[in-house]
Amino acid sequence: EDKVVQSPLSLVVHEGDTVTLNCSYEVTNFRSLLWYKQEKKAPTFLFMLTSSGIEKKSGRLSSILDKKELSSILNITATQTGDSAIYLCAVEAGGGAQKLVFGQGTRLTINP
Amino acid sequence: GAVVSQHPSRVICKSGTSVKIECRSLDFQATTMFWYRQFPKKSLMLMATSNEGSKATYEQGVEKDKFLINHASLTLSTLTVTSAHPEDSSFYICSVVGTSGSEQYFGPGTRLTVT
């Protein structure tokens, strides 16, 4: 059974800190790994990773995939209160039509 | 990215009634849409893959006769929760695949409460 596991499940830090969120997976026919940010409504897309070792960056957020270790990390530097959200990792796997398997999410809280 | 809308955003219904949720792709034609369910403090669980012009593909454990999916056009998929029960109360989210063919874009979700 395809599985995606995120850690930590919950993280509380102070504004300005740097955080690293982890995602590991066990799936058949890996195609891509995606990161989403979920606030009060539906998830918003952050990154899609398909190749190992290539960092994707968007402002203070960056992410990298390690296919050998079957994992990915999401880094957020100089955190702000607006970064408080649930961060979801999802893996596209299998031969079918872009089905995503989601991790449990990491609830990140940034305190001022 | 794709723009996806859902209607209604929130619905309360009585046990035993049916509720229809619409998912629209506003800025491109989506041959495939996905329906997810998210219980409080849980992650998204894929319910079914909605294919335009053909029958939906349901995930294991999802009753196709209870969750009716219709994808009659390239911009609209509907999910009907039939004979709703309180345990069907959840956040239902649809998604479409972006133009690059891989990343999914989500609708704003529909919160269903069955009393």
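This is a predicted model, so every value here is computed, not measured.

Here is what the cut-offs are and how they apply
- Each chain carries its own residue numbering, running from 1 in the direction its sequence is written.
- Whichever chain is written first becomes A and whichever ligand is written first becomes 1, with later ones labelled in order.
- Per-residue local features of the predicted model are confined to residues with pLDDT of at least 70, and side-chain atom pairs are confined, for both listing and counting, to 80 or more; whole-chain, interface and lining totals are unaffected and use all residues.
- As a convention, hydrogens and water are excluded, and side-chain values are obtained from all of the structure's heavy atoms.
- Segments assigned H or I by DSSP are reported as helices when at least four residues long, segments assigned E as strands when at least two residues long, and all are numbered from the N terminus.
- Burial status follows relative accessibility: with a 1.4 Å probe on protein chains alone, a residue under 20% of its type maximum counts as buried, one over 50% as exposed, and anything between as partly exposed.
- A contact between two residues is defined here by any heavy atoms of the two lying within 4.5 Å.
- Salt bridges are identified by distance alone: a Lys or Arg side-chain nitrogen within 4 Å of an Asp or Glu carboxyl oxygen.
- For two strands to be treated as a pair, DSSP must find at least two bridges joining them.
- Angles run from 0 to 180 degrees between N-to-C directions of axes, and those axes are lines fitted to C-alpha atoms, restricted for helices to the stretch in contact.
- Here the quantity called buried area is the accessible surface, traced with a 1.4 Å probe, that two parts lose on coming together, added over both.
- Pairs of N or O atoms within 3.5 Å make up the polar contacts considered here, provided that, within protein, one atom can donate a hydrogen while the other can accept it, and that residues adjacent in sequence are counted only when both atoms are side-chain atoms.
- The nonpolar class holds Ala, Val, Leu, Ile, Met, Phe, Trp, Tyr, Cys and Pro. Asp, Glu, Lys and Arg form the charged class, and all remaining residues, Gly among them, are polar.

S.K.: What is the right way to read the environment of B:Pro86 from this model?
M.R.: All names here are of chain B. Counting through the fold element by element, Pro-86 comes out in the loop between strand E8 (76-81) and strand E9 (90-97). Its relative accessible area of 42% is what places Pro-86 among the partly exposed residues. In this structure the C-alpha to C-alpha distance between Pro-86 and Ser-15, which are 71 residues apart in sequence, comes to 6.6 Å. Those residues within four positions of Pro-86 in sequence are excluded, and the remaining contacts are Ser-15 and Val-114.

S.K.: Can you help me understand the pattern of salt bridges in this one?
M.R.: In a structure, side chains of opposite charge can pair up when their charged atoms sit close to one another. Residues and elements named next belong to chain A. Taken as a whole, this structure holds four salt bridges over all chains when the rule is applied. Of the charged contacts in the structure, one is a salt bridge between Arg-31 and Glu-92, with a shortest N-O distance of 3.5 Å. Of this pair, Arg-31 sits in strand E4 (residues 30-38) while Glu-92 is found in strand E9 (residues 85-93), placing the two residues 61 residues apart along the sequence. Put simply, Asp-83 and Arg-60 hold a salt bridge, and the shortest N to O gap is 2.8 Å. With a gap of 23 residues between them, Asp-83 in the loop between strand E8 (71-76) and E9 and Arg-60 in the loop between strand E6 (56-58) and strand E7 (61-66) connect regions that are remote in the sequence.

S.K.: I'm lost on the sheet that holds strand E1 (residues 3-7) of chain A in this one. Help?
M.R.: Either a parallel or an antiparallel arrangement is found when strands of a sheet pair, and the pairing is made through backbone hydrogen bonds. Residue and element names in this part refer to chain A. The strand order across the open sheet formed by five strands is E1-E3-E8-E7-E6, and the pairing between neighbours is antiparallel. Of all the strands in the sheet, the pair left with one neighbour each is E1 and E6. For this sheet, the mean angle separating the axes of adjacent strands, direction not counted, is 15 degrees. Where E6 and E7 come together, three bridges link them in antiparallel fashion.

S.K.: Could you clarify how one ought to interpret the environment of B:Gln60 in this entry?
M.R.: Turning to its location among the elements, B:Gln60 is positioned in the loop between strand E6 (57-58) and strand E7 (67-73). Considered as a pair, B:Gln60 and B:Gly109 are 49 residues apart in the sequence and their alpha carbons are 22 Å apart.

S.K.: Explain the sheet that holds E8(B) to me, please; I cannot follow it from the model alone.
M.R.: All names here are of chain B. The antiparallel open sheet is built from four strands, whose spatial order is E1-E3-E8-E7. Strands at the two margins of the open sheet, each flanked by one partner only, are strand E1 (4-7) and E7. For this sheet, the mean inter-axis angle between neighbouring strands, taken without regard to orientation, is 15 degrees. As paired elements, strand E3 (residues 19-25) and E8 share six bridges and run antiparallel to each other. When the sheet's bridge partners are listed, Arg-24 is paired in E8 with Leu-76.

S.K.: Please explain the interface of chain B and chain A as it appears in this structure.
M.R.: Many authors give the size of an interface as the accessible area that is lost as the parts come together. Listed per partner, the contact involves 21 residues of chain B and 18 residues of chain A. Of the roughly 1,500 Å² buried between chain B and chain A, counting both surfaces, carbon and sulfur atoms make up 60%. Counting the contacts that link chain B with chain A gives zero salt bridges. On inspection of chain B and its partner chain A, the count reaches three residue pairs in polar contact (both at pLDDT 80 or more). Counting residues per element, the ones that place at least two in the side of chain B that touches chain A are strand E4 (32-38), strand E5 (45-51), E9 and strand E10 (104-106) of chain B. Across the side of chain B that touches chain A, the residue classes break down as 10 nonpolar, eight polar and three charged.

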